[in-house]
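What follows is each chain in one-letter form.
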Amino acid sequence: MIHRRHALGLLAAAGLLPARGLATIATQRSEIREALAKHFLDDGTVGTFVGYKVDDYLIIASDKNRSGEANLPASTFKIPNSLIALETGVVEDPDKDVFKWDGVTRPIEAWNKDHTLRSAIAASAVPVYQEIARRIGQERMQKYVDLFDYGNRDIGGGIDQFWLTGALRIDPVQQVDFVDRLRRGVLPISKRSQELVRDILPVTKVGDAVIRAKSGLLGAERGQPSLGWMVGWAEKGSAHTVFALNMDCPDPRLVPERMVLTQACLKDIGAI
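Residues numbered from 1 in each chain as written. Predicted model: local features only at pLDDT ≥ 70, side-chain atom pairs only at ≥ 80, totals over all residues. Heavy atoms only, no water.

Q: Help me understand the packing of helix α3 (residues 78–88) against helix α6 (residues 138–147), please; the structure alone is not making it clear to me.
A: Two packed helices can be described by the angle between their axes and the distance between those axes. Orientation of α3 relative to α6, taken along the N-to-C sense of each, is 115°, at an axis distance of 11 Å. Here α3 runs over α6; the crossing is right-handed. In this structure, α3 contributes N81, I84, E87 and T88 to the contact, and α6 contributes R140, M141 and Y144. The residue makeup of the contact of α3 with α6, split by class, is three nonpolar, two polar and two charged. (Axes fitted to C-alpha atoms, helices over the stretch in contact; angles between N-to-C directions. Helix = DSSP H or I, 4+ residues; strand = E, 2+ residues; numbered from the N terminus. Left-handed = near helix turned anticlockwise from the far one by under 90°. Contact = heavy atoms within 4.5 Å. Nonpolar A, V, L, I, M, F, W, Y, C, P; charged D, E, K, R; others polar.)

Encoded structure:
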């Protein structure tokens, strides 16, 4: 059984990132593949990619520095937000509970309608998840962010803003650790909540592989994109690879490149 903090511990032990004082660090293989960083440069930006090949017990990172730099999670926080919504009963059924559009027209057209949890995560509907966070409330939100050991655990800056403009920070290695615990169903909440969130994660098919992933884009709700995320895991047959990518997205043309570059990096490491 892999220790639940394997991703953090493994990279720290390998010297790819600063040590975080973690105990029970298991033996593993890990490596830097600088060729992965070239994908970002060729696309006119900079970024980082971290992949964990589960069957090979291998961590692969594109660099030593940015892979350990923490940023706001933006809409990748919709993953834990969905888990908490289901666990607290704020959402009972991801396909039947409806969040009514508040009538405010926003620049992203897909947000301007009613949503279920499944459709809201597919459309990355920020207003829906802001309402979910308000219903969860500060006390319960903090409880579960602590239970998940999610990033720096700091939800300061407003209950409906902390992952967008507030104090919450998470780095790519921590993203891999969190997503892998969800993938394995070992987060300290019900199996049902984890199964439902795994089921509603957006799916992209690439040949005989499946990518389950959530994007994030800082500034998306303001129409001022800056940094993009893509986190999730790839399934090819029985082989799974958990990953986290972030990249600078100052130009709107770079926004769709998050998935393009994710696939390029996954192909390079033989994950898809």
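Q: Please clarify how the side chain of T45 should be interpreted in this entry.
A: Residue placement: T45 occurs in the loop between α2 (34–42) and β2 (47–53). There is a polar contact of 2.7 Å between the side chain of T45 and the backbone oxygen of D248. Setting aside chain neighbours within four positions, we find T45 in contact with F40, M247, D248 and L254. (Polar contact = N/O pair within 3.5 Å; in protein donor to acceptor, adjacent residues only side chain to side chain.)

Q: Just to check I follow, could you spell out the confidence of the model for the protein chain for this structure?
A: Close reading of the predicted structure is inappropriate where its pLDDT is low. Across the protein chain, the average pLDDT comes to 91, with 90% of residues at 70 or higher. When the elements of the protein chain are averaged for pLDDT, helix α1 (residues 6–14) gives the smallest value, 46, and α3 the largest, 99. In this model residues 1–8 is a low-confidence stretch, pLDDT under 50, and it forms 27 contacts with partners more than four residues away in sequence or in other chains. Ignoring residues within four places in sequence, the model shows residues 12–26, a span with pLDDT below 50, making 30 contacts including any to other chains. (pLDDT = per-residue confidence, 0-100.)

Q: Is there a simple way to think about the packing of aromatic side chains in this case?
A: Two descriptors summarise a pair of aromatic rings, namely the distance from one centre to the other and the angle between the planes of the rings. For the structure on display, the rule yields nine aromatic pairs. Plain terms: the ring middles of F49 and F243 are 6.5 Å apart, the flat faces sit at 15° to each other, and that makes the pair stacked. Taken together, the positions of F49 in strand β2 and F243 in strand β7 (residues 239–248) put the pair 194 residues apart, joining distant regions of the chain. By relative accessible area, F49 is classed as buried at 0%. Measuring from centroid to centroid gives 6.4 Å for Y52 and Y57, while their planes differ by 70°, and the two rings are edge-to-face. Residue Y52 is classed as buried on the basis of its relative accessible area, which comes to 0%. Y57 sits in the partly exposed class, given a relative accessible area of 22%. Of the aromatic side chains, those joined through ring pairs into one cluster are F77, Y144, F148, Y150, F162, W163 and F178. (Phe/Tyr/Trp six-rings, centres within 6.5 Å; stacked < 30°, edge-to-face > 60°. Buried < 20%, exposed > 50% of the residue type's maximum accessible area, 1.4 Å probe, protein only.)

Q: How should I be thinking about the sheet that holds strand β1 (residues 29–32) in this particular structure?
A: In sheet architecture, strand pairing relies on hydrogen bonds along the backbone and comes in two forms, parallel and antiparallel. Strands sit in the order β1-β3-β2-β7-β6-β5-β4 across an open sheet of seven strands; the sheet is mixed. Each having just a single partner strand, β1 and β4 (203–206) make up the two edges of the open sheet. Pairs of neighbouring strands in the sheet enclose a mean axial angle of 15°, with direction left out of account. Here α2 sits on the sheet in contact with β1, β2, β3 (58–61) and β7, set at roughly 140° to β2. (Pairing = 2+ DSSP bridges.)

Q: Is there a simple way to explain the pairing of β3 in this structure?
A: Consecutive side chains along a regular strand alternate between the two faces of the sheet. Of the two faces of β3, the one carrying L58 and I60 and the one carrying I59 and A61 are both buried. The sheet contact formed by β1 and β3 spans four bridges and is parallel. Across the sheet, the residue bridging to I32 is A61, located in β3. Strand direction decides the pairing type here: β2 and β3, joined by four bridges, are antiparallel. Residue pairing in the sheet places G51 in a bridge with I60 of β3. Hairpin geometry of β2 and β3 is characterised by an intervening segment of four residues between the two adjacent antiparallel strands and by a positive phi of about 50° at Y57.

Q: Help me out: how do you make sense of unusual backbone geometry in this one?
A: Comment: phi is negative for the bulk of residues other than glycine, and the bulk of peptide bonds are trans. The backbone of A74 sits at a positive phi, close to 50°, despite the residue not being glycine. Inspection of the secondary structure puts A74 in the loop between β3 and α3. For D149, which is not a glycine, the phi torsion comes out positive at approximately 50°. Within the fold, D149 resides in the loop between α6 and α7 (172–184). We classify D149 as buried; its relative accessible area is 13%.

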